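Descriptive analysis of the structure
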Amino acid sequence: MPVTTPLDGLPATSVPTPAQNRPAAADLLTVNQVATAMQVSKMTVYRLIHAGTLGAVRVGQSLRLPRASVEAFLRAEPDQPGRPSAI
């Protein structure tokens, strides 16, 4: 019996694997998740994406942020270029 995934009960063998240069779906966060974690508004996250400060990928019509990109942003020193000193 094939192993099933939570994706509409599709067998794991029918779920495409991500390309090597793309983050896995589990490593992608929604704008809302990032805003909640950073304790800022969703608009602030969108502004950071638009400014190029936070990396994002489009999934359908939605934006997703790689967990590594968000963690790197949060670890960065406030005085580094591209990082606002106060959010």
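Below is a short write-up of the structure. Owing to the predicted nature of the structure, the values given are computational and were not obtained by experimental measurement.

Helix and strand counts for the chain stand at three helices and three strands. Taken from the N to the C terminus, the helices and strands of the chain come in the order β-α-α-β-β-α. Burial statistics for the chain: of 87 residues in total, 24% are counted as buried. Restricting to contacts in the chain with at least 6 residues of sequence separation, those with at least 24 account for 39%. As presented, the chain carries roughly 6500 Å² of accessible surface, and 54% of it is formed by carbon and sulfur atoms.

Attention shifts here to the sheet that holds strand β2 (residues 57-59). The three strands lie next to each other as β1-β3-β2, forming an open sheet whose pairing is antiparallel. Whereas interior strands pair on both sides, the edge strands pair on one side only; in this sheet they are β1 (28-30) and β2. Shown here is a sheet whose adjacent strand axes are inclined to one another by a mean of 50°, direction ignored. In this sheet, strand β3 (residues 62-66) lies alongside β1 in antiparallel orientation, the contact comprising three bridges.

On to the environment of Ala 72, then. Locating Ala 72 in the fold gives a position in helix α3 (residues 67-75). Among the residues examined, Ala 72 registers a relative accessible area of 36% and is labelled partly exposed. Along the backbone, Ala 72 and Leu 54 are 18 residues apart, and their C-alpha atoms lie at a distance of 9.1 Å.

What counts, and at which threshold
Residues numbered from 1 in each chain as written. Predicted model: local features only at pLDDT ≥ 70, side-chain atom pairs only at ≥ 80, totals over all residues. Heavy atoms only, no water. Helix = DSSP H or I, 4+ residues; strand = E, 2+ residues; numbered from the N terminus. Buried < 20%, exposed > 50% of the residue type's maximum accessible area, 1.4 Å probe, protein only. Contact = heavy atoms within 4.5 Å. Areas by Shrake-Rupley, 256 points an atom, 1.4 Å probe, with all protein chains shown as cover. Pairing = 2+ DSSP bridges. Axes fitted to C-alpha atoms, helices over the stretch in contact; angles between N-to-C directions.

These values are about where atoms sit, not about what they do.
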